[in-house]
Amino acid sequence: MANPYVHALHVHPVKSVAGTAPGEAAVEPWGLSGDRRWALVDTSGTVITQRQRPRLALAAARPLPGGAVALSAPGMAELVVEVPEPGPLEPMVLFGKKVETVVAAGAAADWFSAWLGVPVRLVHLDDPAVRRPVDPEYALPGETVSLADGYPVLLASLASLDALNSLIAQGEHAEEGPLPMNRFRPNVVVAGAAPWAEDGWRRIAIGEAVFRVARECGRCIVTTTDQATAERGREPLKTLGAYRRIGKSLAFGRQLVPVRTGTVRVGDEVRVLS
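Note that the structure is predicted; figures quoted are calculated from it, not measured.

Thresholds applied
Residues numbered from 1 in each chain as written. Predicted model: local features only at pLDDT ≥ 70, side-chain atom pairs only at ≥ 80, totals over all residues. Heavy atoms only, no water. Helix = DSSP H or I, 4+ residues; strand = E, 2+ residues; numbered from the N terminus. Buried < 20%, exposed > 50% of the residue type's maximum accessible area, 1.4 Å probe, protein only. Contact = heavy atoms within 4.5 Å. Areas by Shrake-Rupley, 256 points an atom, 1.4 Å probe, with all protein chains shown as cover. Lys, Arg positive; Asp, Glu negative; His and termini not counted. Charge placed at Lys NZ, Arg CZ, Asp CG, Glu CD. Pairing = 2+ DSSP bridges. Axes fitted to C-alpha atoms, helices over the stretch in contact; angles between N-to-C directions. Phe/Tyr/Trp six-rings, centres within 6.5 Å; stacked < 30°, edge-to-face > 60°. Lys NZ or Arg CZ within 6 Å of the ring centre and 35° of its normal. Expected span 1.5 Å × (residues − 1). Polar contact = N/O pair within 3.5 Å; in protein donor to acceptor, adjacent residues only side chain to side chain.

Undergrad: Even after reading the chapter, I still don't get the overall build of the chain, so can you show me in this structure?
TA: A tally of helices and strands in the chain yields three helices and 19 strands. Burial status across the chain gives 52% buried among its 274 residues. Nonlocal contacts in the chain, meaning residues at least 24 apart in sequence, comprise 69% of its contacts between residues at least 6 apart. Only carbon and sulfur atoms are counted for the fraction: they give 53% of the accessible area of the chain, which is about 11800 Å². On the chain, the mean spot of the 29 positive side-chain charges and the mean spot of the 29 negative ones are 5 Å from each other.

What follows is the structure in structure tokens.
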């Protein structure tokens, strides 16, 4: 069997908003370049994601040079948001922990507030090298992460998705399948591996980069959200709960931490080092 390879790359500049699929991406210590450097917070400073606001799936963010983003959504005029000038840091609350960020220009808050129908602000992670450590239970000293849920890079496998969809087709909510990969919002999509082969990977190389595999990715309600309509169903959580429960996690995909940076490209071989 041929070695697995990179089928697609995905960068999501704004957390929980649709992103782009570049042909190549730079791997930085805290994730793919430009991935999840922006997020939305409510009036208390707590992060807002598709968990609370599935309508975020219908908005999109396109990365621009220098870290700026172009925001778009149905019925909304495109808005370019520049990286905020260095200024006072404001803590956001992300999964119960505070992360220092910089608030974006008021136009971004107005744009997203109009789109969601609730007051929100857009914040930017100015220095991912120091602002947010990876979960110490699974981290090595000094490892940091962007505003992703917990780890720098999320890998998913097409063969595993096919296997999951086969299980969904046999279940009580078969009409909800097959599910597309965008339900899982990965950074790296791998083709050519056996189903669930990634469960056994501990260290992999892709292009110029090397990653250690920290753990499985436990899935949440966002995966039940149709990314094209923002409507929610029961799958894949129902099926993951029956077949893919690892400890407390309903597992799909693997969480990666870069140990050597570089560039990764669509078509790159995925070399399993251990």
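Still more to cover.
Undergrad: Quick question: what am I supposed to make of the sheet that holds strand S6 (residues 60–63) here?
TA: Each strand in a sheet pairs with its neighbour through backbone hydrogen bonds, running either in the same direction (parallel) or in the opposite one (antiparallel). As summarised here, the arrangement of the three strands in space is S6-S7-S8, forming an open sheet in which the pairing is antiparallel. Edge strands, defined here as strands with exactly one partner in the open sheet, are S6 and strand S8 (76–81). Averaged over all pairs of adjacent strands, the angle between their axes in this sheet comes to 20°, without regard to strand direction. Looking at chain direction, S6 and strand S7 (residues 69–73) are connected through four bridges and run antiparallel. Note on S7: the bridge partner recorded for Pro63 is Val69.

Undergrad: Is there a simple way to explain the packing of aromatic side chains in this structure?
TA: Given two aromatic rings, one states the distance between the centres and the angle between the planes to describe the pair. Under the defined criterion, the tally for this structure stands at four aromatic pairs. For the ring pair Trp196 and Phe252, a centre distance of 6.0 Å and an interplane angle of 85° mean the geometry is edge-to-face. Of this pair, Trp196 sits in the loop between strand S13 (188–191) and strand S14 (203–206) while Phe252 sits in strand S17 (residues 249–260); the two residues are 56 residues apart in sequence, bridging distant segments of the chain. With respect to burial, Trp196 and Phe252 carry one shared label: buried. Aromatic rings pair up to connect Phe184, Trp196 and Phe252 into one cluster. Lying over the aromatic face of Trp115, Arg55 brings its terminal NZ or CZ to 3.6 Å of the ring centre. The ring of Trp196 carries the charged tip of Arg244 above its face, separated from the ring centre by 4.0 Å.

Undergrad: Whenever I open this one, the side chain of His12 confuses me. Can you help?
TA: Tracing the backbone through its elements, the reader meets His12 in the loop between strand S1 (5–9) and strand S2 (24–28). His12 has contacts with Val17, Ala18, Gly19, Gly34, Asp35, Arg36, Arg185 and Pro186, leaving out every residue within four places of it along the chain.

Undergrad: Could you clarify how one ought to interpret helix H2 (residues 158–169) in this entry?
TA: Quick reminder: α-helices carry 3.6 residues per turn. Residues three or four places apart thus point the same way. Here H2 contains 12 residues, and its C-alpha end-to-end distance of 16 Å stays within 8% of the 16 Å for a straight helix at 1.5 Å per residue. For H2, the complete set of buried residues consists of Ala159, Ser160, Leu161, Ala163, Leu164, Asn165, Leu167 and Ile168. Buried positions along H2 lie against strand S12 (153–157), helix H3 (237–243) and S17. The backbone nitrogen of Ala159 lies 3.2 Å from a side-chain oxygen of the residue at the head of H2, namely Ser157.

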